[in-house]
Amino acid sequence: MLDIDQLQTPIWIYDIDNYRIHWANESALTLWHASSLEELTARDFQEGTSDAVQHTLLNYLDDFALGKRICHWWQLSPKGKAKDVYCQFSGVYLDDGRLAMLVEGLHVERAEIAALVSGTIMICLFNEQFELLSANPSFRQQFGTDIHNLADLIPVDELVKIDRQLAGKDKFYEQDICLQCADGNRWHSVEVRLSETTAGDFVVSFQDIHERKSRELELQQMATHDVLTGVFNRKGLFQRMKLLHEKQTPFSIYYIDLDGFKPINDGFGHAVGDSLLCQVASRLRRCTGDDGDISRIGGDEFVVILPEACVDDYFDVFATALVQSLSGQYKISDDIPPVVLSVSVGVASYPRDDDDLELLLADADAAMYMAKGSGRRCWIQYRKGMREQLLRRTQISQRIGAALLNDEFEMCYQPVFDMHDSRVVIVEALVRWPGSELAEVSPDELIDVAEHCGLIGELSSWIFYQACQEFRAIRQRFGDQVLLSLNVSGLHIQQGRLISDLEYAINSAGLLPQDLVLELTERVIMPDSKEYSSTIDQLIGYGFSFAIDDFGTGFSSLAYLNSIPAKWVKLDREFVSRLDKGVETVTCIHKLVDALGMNLIVEGVETRWQVEKLKEHQIFYQQGYYHFSPANLRNLLCDQSELKWVNVG
Ligand code: C2E
Ligand code: CA
Ligand code: CA
């Protein structure tokens, strides 16, 4: 049979009521520096036991009665020598029927104890006014001797909670708190319970859990933060939104997307991209200060949450400031020139736009897409229906590829007349998508979506090929002098395949570059973009001619007029629609274009009055629905080919 005295583990029974050790094994005698069991059981521990410790022990008895065991570090002072021992406490009944405490001192080397001394439990007793009544030595060691009131240690809001919880059902408070110690701030698990003996007093125990808690917090930080920039990640974003949502605090979210980040990241390498993202994050921190929360939820997408109270309803001012401070030059290193970036921002507000946080984020995302679509470097506030609009665009983009394979697109044409003799000089090719499942998809929408989803090259290539093939029939109808004009998308140039697509289309149809006019909008003709100008230079070299399309809709139109050697300038239909208010603007532009050696085509001519008015001012190149009025239709309808004409059934 196992002799309990032979056990290495020190075991003793402590009679709490009488402050005496009732029994101990051999190892315990050694631990307690006792010469014999009699000597040990004769010791009176009352003096060395603070009231706080005694209260805790008495509380333990309740737990022991329920069969519970308790483990933690305990500081013993046998013959005045402090020792930290990891103990397991449980209950044991004495012969007289009272409950005592069975203590097993788990075997721990002194060196380990030194390393784990922070594990020692600290216990103290406070009165109703939070004044310190007594504390064990490890409490003083940890917090110093200047603590006289619990308020010296614990923040006031926690004291309020303690008060409330002790008065509540559980009469117990438990919380992890970071407390100021003699050697810096450390995390503690703090437990507070009422004293069983003195009404109003309470016992507080502190356990240093700094290492474990710090690791936990680090993991938590990793789970909710973006490693690269240190701002919140998607999970963190939702946590922050939930907090405001729970308190029903109105807030706005600003969904920020960097315009043109991808080419920088691909072109200069990921290290440059990373540095750029970090700089964006720090500019964002400057914008929001302490008021807002910043998160990065995608490669180049950031979200700022700002309670509305912080901007006094001037969220528009804040949004403008965001766009301005994030757009501009970023210096990466001395080796590469500063990169230029702009941002598009979508704003959605709780609770106005949505109560559901996922939907709210989708709202802001949709608004951001709209901002991108409307020229970038701007912000747009979410409006009802935008999300649906975005969904529609996604559906359209998913259908374009299949529509190309199934030959669902068609070309339609609109002539430009020379009104000297009503001769057709140019025929403009315009794409159509008849009978698509997604109801009417206008060419504007189709081109816009194709540009955004990267299919513009494929689509344009099909358009060029088809229009060139059909152009033979147009020439048969209007003679060999007539030119074919094609609309060119800037993104098609950016994809680097415009020239090869054009070559393929004209070669397959036996045409020459001289037979074609390429229509470029002002936005496409960016004088400071090397990529564009080298493509355009090459096209000029081949003999293609150009038209500046939608002239007058950009904001610095005149600057673009002689930026490329265009033969034609197409005045946007806006100008003709306002002709009845005065002809000065149109005649003035006409003179300017004329003086630069170009030809003005006026778009959107819809009435006979407009035709005549323009002719009166020597403006002869005209395009528009009027030229398909019943009188003019007769001319074109004798056309035997399958060609479709704008505005003709
Ligand atoms: P755009 O290049 O300015 O084309 C002229 C647009 O004005 C055409 O609209 C045409 O139908 C319309 N229009 C012509 N005459 C009149 C008129 O008298 N009054 C009014 N109110 N409108 C008139 P559509 O075909 O809907 O095309 C819209 C835009 O979509 C085009 O504007 C062009 O930017 C783009 N687009 C159309 N087809 C193509 C294409 O094949 N390739 C590319 N890249 N873009 C295209
Ligand atoms: Ca055009
Ligand atoms: Ca136009």
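Residues numbered from 1 in each chain as written. Chains lettered and ligands numbered in written order. Predicted model: local features only at pLDDT ≥ 70, side-chain atom pairs only at ≥ 80, totals over all residues. Heavy atoms only, no water.

Chemist: What is the right way to read the coordination of the calcium ion (ligand 2) from this model?
Modeler: Around a metal, the perfect tetrahedron of four donors has angles of 109.5 degrees, and the perfect octahedron of six donors has angles of 90 or 180 degrees. Taken together, the protein ligands of the calcium ion (ligand 2) are Glu-428 (OE), Asn-487 (OD1), Glu-519 (OE) and Asp-549 (OD), with distances of 2.1 to 2.3 Å. One chain supplies every donor for the calcium ion (ligand 2), spaced along it as E-x58-N-x31-E-x29-D. If you look at the calcium ion (ligand 2) and the calcium ion (ligand 3), they sit 3.9 Å from each other and are both ligated by Asp-549. Linking Asn-487 in strand 19 (residues 483–487) with Glu-519 in strand 20 (residues 516–521), this pair joins segments that are 32 residues apart in sequence. In this structure Asn-487 comes out as partly exposed when scored by relative accessible area, which is 28%. (Donors = N, O, S within 2.8 Å, 3.2 Å for Na, K, Ca; no water. Helix = DSSP H or I, 4+ residues; strand = E, 2+ residues; numbered from the N terminus. Buried < 20%, exposed > 50% of the residue type's maximum accessible area, 1.4 Å probe, protein only.)

Chemist: Looking at this structure, I do not really get the pairing of strand 13 (residues 301–307). What am I missing?
Modeler: Consecutive side chains along a regular strand alternate between the two faces of the sheet. In terms of residue burial, strand 13 counts as a mostly covered element, since seven of its seven residues are buried. Of the two faces of strand 13, the one carrying Glu-301, Val-303, Ile-305 and Pro-307 and the one carrying Phe-302, Val-304 and Leu-306 are both buried. Pairing geometry for strand 11 (residues 251–259) and strand 13, over seven bridges, is antiparallel. Residue pairing in the sheet places Ile-253 in a bridge with Ile-305 of strand 13. What sits between strand 12 (residues 293–298) and strand 13 in their antiparallel hairpin is a turn of two residues. (Pairing = 2+ DSSP bridges.)

Chemist: Is there a simple way to think about the site of ligand 1 in this case?
Modeler: Looking at ligand 1, there are 20 residues lining it, with Gln-414, Arg-432, Arg-573, Glu-606 and Tyr-625 nearest. Taking Asn-487, its side chain carries an N or O atom lying 3.1 Å from an oxygen atom of ligand 1. Bound to the protein, ligand 1 loses 86% of the 790 Å² it would expose on its own. Elements with a minimum of two residues in the shell around ligand 1: strand 18 (423–432), helix 15 (443–453) and strand 21 (545–551). The element best represented in the shell around ligand 1 is strand 18, accounting for four residues. Each residue belonging to the shell around ligand 1 can be placed in one class, and the counts come to eight nonpolar, four polar and eight charged. (Near = heavy atom within 4 Å. Polar contact = N/O pair within 3.5 Å; in protein donor to acceptor, adjacent residues only side chain to side chain. Areas by Shrake-Rupley, 256 points an atom, 1.4 Å probe, with all protein chains shown as cover. Nonpolar A, V, L, I, M, F, W, Y, C, P; charged D, E, K, R; others polar.)

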